[in-house]
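Structure assessment
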Amino acid sequence: MQKKGQQGMDRKGLLHRYKERMDIMENQVSMELVDRIYQCHCSSMEEWQEGHPVESWIDHNGNICVRYESGKYWHYKPDGSGFTWW
């Protein structure tokens, strides 16, 4: 039986989500997760001008933070289809 929010997710997707959550729980952000965040954010923009990720961390609220070459950083939270950022 699938839990709410897991409908349509295959085994590989479930394992990937589990790994993401473990990285967050351990207060670490894997390079694979940072790359997925970066690709998701870049692909939503017409022209990405912030450069590549240079630093990542988990903030005091449990959000993933990524700083880019421009010096700017965003907070990210996984959602059903990718990430939400602010």
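Residues numbered from 1 in each chain as written. Predicted model: local features only at pLDDT ≥ 70, side-chain atom pairs only at ≥ 80, totals over all residues. Heavy atoms only, no water.

With 4 bridges joining them, strand β2 (residues 64-68) and strand β3 (residues 73-78) adopt antiparallel strand pairing. Across the sheet, the residue bridging to Cys-65 is His-75, located in β3. In textbook terms, the turn of a hairpin is the stretch between consecutive antiparallel strands, and for β2 and β3 this stretch comprises 4 residues, one of which, Gly-71, has a positive phi near 95°. Across 3 bridges, β3 lies against strand β4 (residues 83-85) in antiparallel orientation. Across the sheet, the residue bridging to Tyr-76 is Trp-85, located in β4. In this structure, the hairpin formed by β3 and β4 is closed by a connection of 4 residues. (Pairing = 2+ DSSP bridges. Helix = DSSP H or I, 4+ residues; strand = E, 2+ residues; numbered from the N terminus.)

Under the counting rule described, the total for this entry stands at 7 aromatic pairs. Centroid distance Tyr-38 to Trp-48: 6.3 Å. Interplanar angle 80°. Geometry classified as edge-to-face. Placement of the pair is Tyr-38 in helix α2 (residues 31-43) and Trp-48 in the loop between α2 and β1 (53-58), with a sequence separation of 10 residues. Accessibility assignment for this pair places Tyr-38 and Trp-48 in one class, buried. Aromatic ring contacts, followed pair by pair, group Tyr-38, Trp-48, Tyr-68 and Trp-74 into a single cluster. (Phe/Tyr/Trp six-rings, centres within 6.5 Å; stacked < 30°, edge-to-face > 60°. Buried < 20%, exposed > 50% of the residue type's maximum accessible area, 1.4 Å probe, protein only.)

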